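Chain and residue survey
Listed below, chain by chain, are the residues.
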Amino acid sequence: PDLWPDPEEFPLPDPPLPMPDYPDEDPFDGIPEPPPFPDDMLPITDLSNGDITVVNTGGTDNPKSEGRQSTTSAKIPVGLQPAGLAATVDRSTIVVANLGSDSVSVIKSGAVVGTIKLPPLTRPYGIAVSQDGTRAYVTSFVRTGGALLVLDVPNRAIIATLPAGNFPAAVALT
């Protein structure tokens, strides 16, 4: 049977209906690009089991490539439900926002070297780190009382809490 409607019975309007008017603003305009990762390394967070997986992509993202294939080069256990990940430009320090355990994991040389405990129900989500790795900025992803927490990474301490509205999901440094 013919599944298309009969054009005589359902004619197209002339002129066609206008498309809805969407704002032409780019919501990411002005946000800096993330730091460059080497072509063959891609860190991925896994919300299910509390691991950060570092994938060696083999230097290509072409699935039809006959060259090297992707392999897992490391699994780094962090807190529960890692939601955000940020690295210094030189990738010497990586910080991970652990949504499910209200903490931030600090990774150096492929291993967790410390954890910054946050107040209960903070729900850390978006995270950024300063170029020198001494400060981390993490959003508290909650309905009311959302905040931006400023962390002293070397001393594993909260040094400021700034109000940020409902459900702040991301933070970026320039």
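Notes on the structure follow. (Residues numbered from 1 in each chain as written. Predicted model: local features only at pLDDT ≥ 70, side-chain atom pairs only at ≥ 80, totals over all residues. Heavy atoms only, no water.)

**Let's talk about the overall build of the protein chain**
Short version of the rule: The way it works is that DSSP assigns letters per residue, a run of H or I at least four long becomes a helix, a run of E at least two long becomes a strand, and they are numbered from the N terminus. In what follows, a contact means two residues having at least one pair of non-hydrogen atoms within 4.5 Å. With residues, only the protein chains shown are counted as cover, and all accessible areas are computed by Shrake-Rupley using a 1.4 Å probe.
Helices and strands together make up the secondary structure of the protein chain, namely 0 helices and 11 strands. Helices (α) and strands (β) of the protein chain occur, in sequence order from the N terminus, as β-β-β-β-β-β-β-β-β-β-β. Of the contacts made within the protein chain by residues no fewer than 6 positions apart, 36% connect residues no fewer than 24 positions apart. Accessible surface computed for the protein chain: about 11,600 Å², of which carbon and sulfur atoms make up 57%.

**Some details on the sheet that holds strand β10 (residues 147-152)**
Heads up, the rule is: Pairing between strands is defined by DSSP: at least two bridges between them are needed. Axis geometry follows a simple rule: fit a line to the C-alpha atoms, using only the stretch in contact for helices, then measure angles between N-to-C directions, giving values from 0 to 180 degrees.
One open sheet holds the 4 strands; their spatial order is β8-β9-β10-β11, and the pairing between them is antiparallel. Each edge of the open sheet is held by one strand with a lone partner, namely β8 (124-129) and β11 (157-163). Taking each pair of neighbouring strands and ignoring which way they run, the sheet shows an average axis angle of 25°. When β10 meets β11, the two strands line up antiparallel, connected through 6 bridges. From the neighbouring strand, Ala 147 faces β11, where its bridge partner is Pro 163.

**A closer look at the nonpolar core**
Short version of the rule: Only buried residues count toward a nonpolar core, which is a set of Ala, Val, Leu, Ile, Met, Phe, Trp, Tyr and Cys residues joined through side-chain atoms within 4.5 Å. Summary of the burial criterion: residues with accessible area below 20% of their type's maximum are buried, those above 50% are exposed, and those between are partly exposed, where the area comes from a 1.4 Å probe applied to protein chains only.
In terms of nonpolar packing, the biggest core is built from 15 residues, with Val 95, Val 104, Ile 127 and Leu 151 touching the most fellow members. Sorting elements by how many residues they give to this core places β10 first, with 3 residues. Leu 151 has contacts with Val 104, Ile 116, Leu 118, Thr 134, Arg 135, Ala 136, Val 138, Ala 157, Ile 158 and Ile 159, leaving out every residue within four places of it along the chain.

**Remarks on the pattern of salt bridges**
Pairing between side chains of opposite charge can happen when their charged atoms approach one another. As a reminder, the rule being used: In the sections that follow, a salt bridge refers to a side-chain nitrogen of Lys or Arg positioned within 4 Å of a carboxyl oxygen of Asp or Glu.
With the rule as written, the count across this model stands at 1 salt bridge. Here Asp 152 and Arg 135 are joined by a salt bridge, their closest N and O atoms 3.7 Å apart. Linking Asp 152 in strand β10 with Arg 135 in strand β9 (residues 135-140), this pair joins segments that are 17 residues apart in sequence.

**Thoughts on the sheet that holds strand β4 (residues 82-87)**
Strand order in this open sheet of 4 strands is β4-β5-β6-β7, and the pairing throughout is antiparallel. Edge positions in the open sheet fall to β4 and β7 (111-117), since each of these has one partner strand only. Pairs of neighbouring strands in the sheet enclose a mean axial angle of 20°, with direction left out of account.

**What to know about the packing of aromatic side chains**
Heads up, the condition is: Stacked, edge-to-face and tilted are the three classes for Phe, Tyr and Trp ring pairs, Trp counted by its six-membered ring, which pair at centre distances within 6.5 Å; planes under 30 degrees apart are stacked, over 60 edge-to-face, the rest tilted.
Tallying each qualifying case throughout the model produces 2 aromatic pairs. Here the aromatic rings of Phe 141 and Phe 167 are separated by 5.2 Å at their centres, their planes lie at 55°, and the arrangement is tilted. A residue pair is termed long-range when its members are at least 10 positions apart, and Phe 141 in the loop between β9 and β10 and Phe 167 in the segment after β11 qualify at 26 residues. Residue classification places Phe 167 among the partly exposed residues on the basis of a relative accessible area of 38%. By the ring-pair criterion, three or more aromatic residues cluster together here, those being Tyr 125, Phe 141 and Phe 167.

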